[in-house]
Every structure is written in structure tokens, then in C-alpha cells.
Amino acid sequence: MTDNDYMQLAIAEAKKGLGLTSPNPAVGSVIVKNGEILGKGWHRKAGLPHAEREAIADALTRHEKSTLRGATIYVTLEPCSTTGKTPACVDGIIEAGIAKVIYGATDPNPAHVGGADAMLKKHQIKVVSGVERVACESLIQAFAKRITTGLPWVIAKTAVSLDGRITRPSGEGQWLTGPEARAEVHKIRASVDAIITGGKTVRKDNPSLTIRGEAHSAEKSQPWRVILTQSGKSSLPQDANVFTDEHAERTIIHEDKTLTQTLKALAELGCNSVMLECGGILMQQFLKQQLIDELALFIAPIFTGGPDHGFGIGEHLDHSQFLTNNSHQQLGNDILIRGILKKS
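Residues numbered from 1 in each chain as written. Predicted model: local features only at pLDDT ≥ 70, side-chain atom pairs only at ≥ 80, totals over all residues. Heavy atoms only, no water.

**Student:** I keep staring at the confidence of the model for the protein and nothing clicks. Help me out?
**Tutor:** Detailed reading of predicted coordinates is not advised where the pLDDT is low. When the pLDDT values of the protein are averaged, the result is 91; 96% of them are 70 or greater. Strand β3 (residues 72-77) holds the highest mean pLDDT among the elements of the protein, 98, whereas helix α4 (residues 115-122) holds the lowest, 88. (pLDDT = per-residue confidence, 0-100. Helix = DSSP H or I, 4+ residues; strand = E, 2+ residues; numbered from the N terminus.)

Now the structure itself:
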């Protein structure tokens, strides 16, 4: 196996932590010696051991400590070189006698980048960076945005009909998409730390905005549910699900805040990523202010003529906005298009 192959194994480990580690990033690690995998690990939750220490601990459950001497450790992110809630991973690598460190993405924090290289090389440990860099950077894109801008990664999720509507005629029910697409929505919810919606959506649809079904796990806290309103909680139905269910304490109301103020507040709360599940007008405001990073667009094979357009009506943008890194997936009868919004 090549360095890239081993890094792909580390990436697979890191993906186990997606949605679970905020405000930390998801990181994976694999330890190899003479072609044998000695241990694997991933960061499970903020405050718990990082991926490198998990991999070292895993290796020590099956091997003598001396076996790690001279091994190579693969990590999706530059090892941390400072002590916080947990000890520095660089120290653990040095103590284990590991001879070579190969990592994918550099630390996006300007205060930490390069710190690991200097400490490791000081102890005659070889360092290689940039292996599977693009894939490793993709794992931490939400964390990197929060660290460098003070704003979380924003995923806009919406379902639209073939005529561009997000609603159906009165009396027909609210669903545009089928069960497979709705199950995918729960998977996206499981990857984020907060969900933003508007007061109009709460009044009209009474959403729960929770992770349910197979996507739900005991390790994942329900996302914060953030209600944007200009008139306060008194204007919202007091018996709404977001105020009365078992997760009511996870509901936050933002009254008369700008969109940027809301996003900054969520970043300060430790949210790396948030999801928009709202009506077309609010979605349009996020789009016009270039606050959306990623789009998850479900297209349903139906014409509805409903009153609400997916991104508002009668509005215009100052310039076109394009999706990059596009992917598409068929879910039952529906199509999911995902991509990154290219910023001007």
C-alpha cells in the first residue's frame, strides 16, 4: 500500500466523527510499521483524546509499546502542538517513539500552523505534509471557515418542484419529496450543529427540525434550532414543536438580528456548521448576502404551482452565483444536487 492508501484509511476514520466533534474538527489517524497496521483512531468528541492518541491507544491494546518505535503515523490534519482540554498530540507521538509523521491538511489556525513540524523535526522525526490534501481539507472545511472568519459553514437545504416552488397547493400536504430524500435530510442534519429557520416557517409548517430515524445516534446532540423573527417569541405559536418537545432547551430565538450577527453568535457557541431550512424569502436574503457556502437542492418530479418560490420571488442578484464541486444523487424519484457556492 502507498502513503495515499494509508491516508485514505485515515480519512475513513475521520469521517466517523463528522458532526460529532464541534468546535473541534473531525480527524482520523492510522499507525503503520513494515506494512502492518498497528492501530487506528478518530476524534470522537471535544474534550476526548484526539485521533493520534486514539490510534496510539488502539495500537497498545494489541502490541508492546516497543513495537511503535520506528513506526509511521498518518493523520488527516497536522497534529496539535499545544495543550488545551487534551494534551498535545505531538508530545504523544514523540513519547511513543514514532519515527515519521505524514499528514494531509495543515492547521488552518494561523497561530498553530507549522508548530508540529518544528517540534517533531527537533526530535529527529521525519515529517511529510500534503498527502491527499484536498480530501483532508474537505473534512475540515467547516472548522477552517469558523477559525479563519468567525462564521460557521452554511449549508442551504431546500426541496423544489419542477416549476421552482417549495410549497404545494392548499390541502395537498406539505411534502414535495419522497421518504428516501427525507431520510437524506436527516443525515445532513446529523452533520451540522444548528438549523436556522424563520418565524413564518414555524407558524406555517410547525417543523421539529430534529434528527430522526437511522441518522439519529446517542452520540450526537440534537442541533440548535434557531428561529429568526422580527416580532419576538410572542408572535410565534407557543404550542409549536420547537417549544414543547423534549429538545425545547435546544431552541434559540433571534429577534431583530442581522444574518451575520446570528451566524457569529452560533460560531461563538462552538458551531462549525449550520443548515438553513427556511422559506424562499429568508433563503434569498442569505444568498444575496453571499452567506451560503454549500447548497443541497432536492428536486422533486412534480409541478405544484405553489405560492412560495425556493429562493424568493421578484428579487434579483447583483451577479450570477455558480456551484462548484457538484455532485448529484438519485433518491427514490427525487434528485439531490450538492455543491459549493463560488464566492465572488
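**Student:** I tried to follow the pairing of strand β2 (residues 36-42) on my own but got confused; where do I start?
**Tutor:** Residues in a regular strand point their side chains to alternate faces of the sheet. Two strands pair when backbone bridges link them, and strand β1 (residues 28-33) and β2 are joined in this way by six bridges, in the antiparallel orientation. Paired with Gly28 across the bridge in β2 is Trp42. With antiparallel pairing between neighbouring strands as the criterion, β1 and β2 make up a hairpin whose turn holds two residues, including Asn34 at a positive phi of roughly 55°. (Pairing = 2+ DSSP bridges.)

**Student:** Before we go on, may I ask you to explain the environment of Val134 in this structure?
**Tutor:** Mapped onto the elements of the fold, Val134 is located in helix α5 (residues 133-139). Classification of Val134 by relative accessible area gives exposed; the value is 58%. Between the alpha carbons of Val134 and Gly104 there is a distance of 8.0 Å; along the sequence they are 30 residues apart. (Buried < 20%, exposed > 50% of the residue type's maximum accessible area, 1.4 Å probe, protein only.)

**Student:** What am I meant to see in the state of the cysteines here?
**Tutor:** As used in these notes, a disulfide is a covalent bond between sulfur atoms, one from each of two cysteines. Using the criterion set out here, one finds zero disulfides in the structure. Residue Cys271 stays outside any disulfide, its sulfur separated by 16 Å from that of Cys278, the closest cysteine. Relative accessible area serves as the criterion here: at 2%, Cys271 is assigned to the buried category. (Disulfide = S-S within 2.5 Å.)

**Student:** What is the right way to look at the nonpolar core in this model?
**Tutor:** The tendency in soluble globular proteins is for nonpolar side chains to be buried as a group. Within the largest apolar cluster, 36 residues are counted, with the highest numbers of intra-cluster contacts made by Met7, Ile31, Ile73, Ile93, Ile98, Val101 and Leu120. Listed by contribution, the elements that provide at least two residues to this core are α1 (3-15), β1, α2 (51-60), β3, α3 (89-96), β4 (100-105), α4 and α5. When neighbours within four sequence positions are excluded, Met7 is seen to be in contact with Tyr74, Val75, Thr76, Ile102, Tyr103, Gly104, Val131, Glu132 and Cys136. (Core = buried A, V, L, I, M, F, W, Y, C linked by side-chain atoms within 4.5 Å. Contact = heavy atoms within 4.5 Å.)

**Student:** I tried to follow the layout of surface pockets on my own but got confused; where do I start?
**Tutor:** Once rolled over the atoms, a probe with the size of a water molecule shows which space is left empty. One number sums up the size of the largest pocket: a volume of about 1,300 Å³. Secondary-structure elements contributing two or more residues to the lining of the largest pocket are β6 (153-160), α7 (179-189), β7 (194-198), α8 (199-205), β8 (224-229), β9 (251-255) and α11 (280-288). When residues in the lining of the largest pocket are grouped by element, the largest group, six residues, is from α8. Along the wall of the second largest pocket there are 35 residues; nearest its centre are Leu18, Ser138, Gln141, Glu294 and Arg338. When residues of the lining of the second largest pocket are traced back to their parent elements, those giving at least two are α1, α5, α6 (141-149), β6, α7, β12 (323-331) and β13 (334-341). Partitioned by chemical class, the residues of the lining of the second largest pocket number 15 nonpolar, 14 polar and six charged. (1 Å grid on protein atoms, 1.4 Å probe; cavity = no way out; pocket = protein on both sides within 12 Å on 5 of 7 lines; lining within 4 Å. Points joined across faces, edges and corners; volume = space filled by probe spheres on them. Nonpolar A, V, L, I, M, F, W, Y, C, P; charged D, E, K, R; others polar.)

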